[in-house]
Amino acid sequence: MPIVALPKQRHSMQDEGSSLKVVIPSRKNYFAMFFLGFWLIGWAFGEIMVGGIFLAGIAQLLFKTPEILPEVGEGGIAGLFGVGLFMLVWLTIWTAGGGYALYTFLWHLTGKENIEVNYDWIKIQRAIFGFGRTKEYVASHIKDLRVTPWAADHNIFGWSRASSVWGMSGGGLLAFDYGAKTFRFAAGIDEAEAKQILETVVARFPQYRVHNRETG
C-alpha cells in the first residue's frame, strides 16, 4: 500500500528577535487566472471603446454645440443627455467590475499575506507586488487568538463565501476577538497549518494564548 507523502507547509516564518514574521502566498487557482485573463482582454476592449465614444460625445457637446444643435432636432438634446447618462452609468459599473477582476487576477499571480506578531501588536497586510494597506491591532485589545474553521461562523451563501471561491476572501482560519468584533486572517492555508502557526506564535508570545475558562 503506497504511503501518502507528507504535505509541505505553504507559509514561511522568520524570527526577527522582537517579532515573528509570517508570509503566506496566495493560493493559486489556475482556472480563475485563466478565465480572468481572457475576460480582462474583453474588458479592456469594452473600456476603451465605450470610454472613447463617451469622451468623443462630451468633446462634441463642448466644442461643436452650435453646429450640431440644428441637426439634433426638437427634444434631441434630452435624448443625447439620456444616452450619455446611460453610458456614464454603464462605464462606471464596467470599470468597477474590471478593477475588481484585475485585483483578483494580480492577487492570484503575486499576492502575499504578511503577518507580523510581537508583544505590542499584530500587523496584517495583503500585498500585491509588495504594496498593500497594513492593519495594526493593539495587543492589549486582542483576545482569544485561535483556529476557527471557516464553516463555523460564515453563511455559505454570503458574500465572504462567494469571494473565497475566487481566493479573495479577507478571512482565514486564524481569528481573534478585538473589542466587539472578530477578525480573521491567514487565508490560503489548511486547518493543520493554521494550528502550526498558532502553536509557534503562542509559544513565542504567551499573552496570546487562549486560557481555559471554568464552566458552571
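Everything discussed here concerns the structure shown above.
Residues numbered from 1 in each chain as written. Predicted model: local features only at pLDDT ≥ 70, side-chain atom pairs only at ≥ 80, totals over all residues. Heavy atoms only, no water.

Caption draft 1: Local environment of the overall build of the protein chain. For the protein chain, the helix and strand inventory stands at five helices and eight strands. Mapped in sequence order, the helices and strands of the protein chain form the string β-β-α-α-α-β-β-β-β-α-β-β-α. For the protein chain, the residues scored as buried account for 30% of the 216 residues in total. Restricting to contacts in the protein chain with at least 6 residues of sequence separation, those with at least 24 account for 61%. Looking at the protein chain as shown, the accessible area adds up to about 14,100 Å², and 65% of this sits on carbon and sulfur atoms. (Helix = DSSP H or I, 4+ residues; strand = E, 2+ residues; numbered from the N terminus. Buried < 20%, exposed > 50% of the residue type's maximum accessible area, 1.4 Å probe, protein only. Contact = heavy atoms within 4.5 Å. Areas by Shrake-Rupley, 256 points an atom, 1.4 Å probe, with all protein chains shown as cover.)

Caption draft 2: The environment of K143, seen in detail. Counting through the fold element by element, K143 comes out in strand β6 (residues 142–147). A C-alpha to C-alpha distance of 5.0 Å links K143 and D177, two positions 34 residues apart in sequence. When near neighbours in sequence (up to four residues on either side) are disregarded, K143 contacts F176 and D177.

Caption draft 3: Layout of the side chain of E113. Of note, E113 is situated in strand β3 (residues 112–118). Buried and unpaired, E113 has no salt bridge, with R126 as the nearest side chain of opposite charge at 4.7 Å. A polar side-chain atom of E113 sits 2.9 Å from the main-chain amide nitrogen of A187. (Lys, Arg positive; Asp, Glu negative; His and termini not counted. Salt bridge = Lys/Arg side-chain N within 4 Å of Asp/Glu carboxyl O. Polar contact = N/O pair within 3.5 Å; in protein donor to acceptor, adjacent residues only side chain to side chain.)

Caption draft 4: Molecular detail of helix α5 (residues 191–204). For α5, with 14 residues, the first-to-last C-alpha span of 20 Å sits near the 20 Å given by 1.5 Å per residue. Looking only at α5, the buried set comprises E193, A194, I197, L198, V201 and V202. Within α5, the buried residues cover an arc of 165° as seen down the axis, which keeps them to one side. Opposite the buried face of α5, at more than 90 degrees from it, the exposed residues are A192, E199 and A203. The inward-facing, buried residues of α5 contact β1 (12–15), β2 (19–25), β3, β6 and β7 (174–178). (Expected span 1.5 Å × (residues − 1). Arc of directions from axis to C-beta.)

Caption draft 5: Focus on the pairing of β2. In this sheet, β2 lies alongside β1 in antiparallel orientation, the contact comprising four bridges. Paired with Q14 across the strands is K21, a residue of β2. The hairpin turn running from β1 into β2, its antiparallel successor, is three residues long, and G17 in that turn takes a positive phi close to 95°. Bridge count between β2 and β3: seven bridges; the pairing is antiparallel. Across the sheet, the residue bridging to L20 is V117, located in β3. (Pairing = 2+ DSSP bridges.)

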